[in-house]
Structure formats: C-alpha cells, structure tokens
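Chains, contacts and geometry: an overview
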Amino acid sequence: DQQSDQRRFESLVDEISRYNALGKYGRALDAAERALTLAQDKFGPDHVNVGVASFWVGNLSMWMGDSSRTESLLLSCLQIIEKNTASGDSTVGLVLRSLGNYYTEKGAFEKAESMFVKAMERIESEPEIHQRALALVLGDFAEHYRNRRLHEKAEALYRRTIEIYETKLGKFEPELGVTLN
C-alpha cells in the first residue's frame with residue numbers, strides 16, 4: 001500500500017544520507033538508484049519522491065565522476081520540485097546550486113553563473129530566508145568565480161558567506177572553516 005511504499009522510500013533516503021555522510025558514495029548511489037526506481041514505480045513520474053531521488057542520483061553520480069545523467073536528472077528534479085513545493089522552501093535553490101556546480105564542472109560558465117544567480121534569488125525571495133542554504137549557494141558561487149580567477153567577485157561572495165556563518169549560524173559552524181580555508 002501507499003503508506004508502506006512511503007516508509008520504504010524514507011528508509012532508503014535515510015540510508016542514502018548515512019552513506020553520504022560517511023563518504024561511501026557508491027553505497028549511497030546504489031540506495032539512491034533503488035529509491036528512484038521505487039518512486040517511479042509506486043508514486044508516478046511527477047511525484048516529489050521522484051524529484052528527491054533524482055537529486056540524489058544526479059549529485060552522487062557527479063561526485064563519483066560519472067556525470068553523464070546528472071544534467072537530465074537535476075533538470076527533471078527541478079521541474080518536479082518547483083511543481084510540488086510551497087513558497088518558502090529552499091529546495092529549489094539547492095537544486096539550482098547543484099546545476100550550477102554541474103555546469104561549472106563542465107566548463108559551461110555562463111550557464112553555471114545563471115544557475116547560481118537564480119538559486120540566490122530564489123532563496124533570498126523566501127519569506128523566511130534559509131540562511132544555511134543561502135550560505136551554501138554563496139560559497140559554491142564564490143568557488144566558481146575563484147576557479148575562473150575572478151577574485152574580486154569571489155571575495156565579495158566569500159565575505160557574504162562568512163558574515164552569514166558568523167552572525168546567523170554561529171562561529172562554530174563546520175562550513176565556516178571550509179569557507180575560511
């Protein structure tokens with residue numbers, strides 16, 4: 001039934017998260033593939049669970065060096081998430097961030113910049129700005145500029161990122177150390 005399928009899906013997402021946190025990306029990808037198959041079979045192609053699983057499969061594939069499906073999965077995810085999430089949800093911004101990282105990796109810098117700008121705009125337009133999501137987008141956008149040797153633009157974004165961590169999230173936020181590095 002639908003409830004047991006939902007519990008199985010949530011269990012797979014927990015498994016993905018655990019393996020991802022441990023750096024066991026191959027195992028996380030295997031669980032994500034199973035979650036995507038389950039979501040497509042049991043919930044239909046436009047269900048938010050398909051979007052969530054597509055997000056994981058797309059990102060994990062990219063992180064493991066096989067980005068052949070990343071763009072199509074993330075674009076599909078974006079379409080599903082936009083249709084199924086309420087205003088005030090930072091998820092769309094995080095999907096756009098992933099697309100920005102993908103396009104940066106592929107050398108499609110104008111597309112990447114467009115995705116990062118859209119991600120920032122989406123998150124900043126929310127009634128309750130999700131500060132951690134905004135900091136993640138700003139940090140990746142800064143890294144995008146740094147890798148292109150556009151240091152002034154990168155510095156401005158790094159400064160905004162650091163300000164968010166120090167004033168909104170706390171000086172002991174683990175990502176602050178990564179940003180300062």
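Refer to the structure printed above.
What comes next is a walk through the structure. Everything numeric in this text was worked out from a predicted model, so none of it was measured. (Residues numbered from 1 in each chain as written. Predicted model: local features only at pLDDT ≥ 70, side-chain atom pairs only at ≥ 80, totals over all residues. Heavy atoms only, no water.)

Moving on to the layout of surface pockets. In this structure, the largest pocket occupies an estimated 540 Å³ of space. Around the largest pocket, the lining comprises 25 residues; the ones closest to its centre are Phe 55, Asn 59, Trp 63, Arg 97 and Ser 98. Partitioning the lining of the largest pocket into residue classes produces twelve nonpolar, nine polar and four charged. (1 Å grid on protein atoms, 1.4 Å probe; cavity = no way out; pocket = protein on both sides within 12 Å on 5 of 7 lines; lining within 4 Å. Points joined across faces, edges and corners; volume = space filled by probe spheres on them. Nonpolar A, V, L, I, M, F, W, Y, C, P; charged D, E, K, R; others polar.)

Even without being a glycine, Arg 149 presents a positive backbone phi close to 65 degrees. Positionally, Arg 149 belongs in the loop between helix 7 (131–147) and helix 8 (151–169). (Helix = DSSP H or I, 4+ residues; strand = E, 2+ residues; numbered from the N terminus.)

Right, let's get into the packing of aromatic side chains. Per the stated rule, a full pass over the model turns up six aromatic pairs. Here a set of aromatic residues connected by ring pairs shows up, and it is made of Phe 116, Phe 141 and Tyr 145. (Phe/Tyr/Trp six-rings, centres within 6.5 Å; stacked < 30°, edge-to-face > 60°.)

Packed helix pairs are specified by the crossing angle of their axes together with the interaxial distance, meaning the distance between the axes. Where helix 3 (residues 48–63) meets helix 4 (residues 70–84), the closest approach of the two axes is 8 Å, and the angle between their N-to-C directions is 150 degrees. On the basis of their axis angle, the class for helix 3 and helix 4 is roughly antiparallel. Crossing of helix 3 over helix 4 shows left-handed handedness. In this structure, helix 3 uses Val 48, Val 50, Gly 51, Val 52, Ser 54, Phe 55, Val 57, Gly 58, Asn 59, Ser 61 and Met 62 to contact helix 4, whose residues at the interface are Thr 70, Leu 73, Leu 74, Cys 77, Ile 80, Ile 81 and Asn 84. Its residues assigned to classes, the contact of helix 3 with helix 4 shows eleven nonpolar, seven polar and no charged. (Axes fitted to C-alpha atoms, helices over the stretch in contact; angles between N-to-C directions. Parallel < 35°, antiparallel > 145°, perpendicular 65-115°, else oblique. Left-handed = near helix turned anticlockwise from the far one by under 90°. Contact = heavy atoms within 4.5 Å.)

All right, on to helix 5 (residues 91–106) then. Counted at 1.5 Å a residue, the expected span for helix 5 with its 16 residues is 22 Å, and the 23 Å between its end C-alpha atoms agrees. The complete set of buried residues in helix 5 reads Val 92, Gly 93, Val 95, Leu 96, Ser 98, Leu 99, Gly 100, Tyr 102, Tyr 103 and Thr 104. Buried residues belonging to helix 5 abut helix 3, helix 4, helix 6 (109–124) and helix 7. Trailing helix 5 by a residue or two, Gly 107 shows a phi angle of about 80 degrees, which is positive. (Expected span 1.5 Å × (residues − 1). Buried < 20%, exposed > 50% of the residue type's maximum accessible area, 1.4 Å probe, protein only.)

Function cannot be inferred from these measures alone, as they are strictly geometric.
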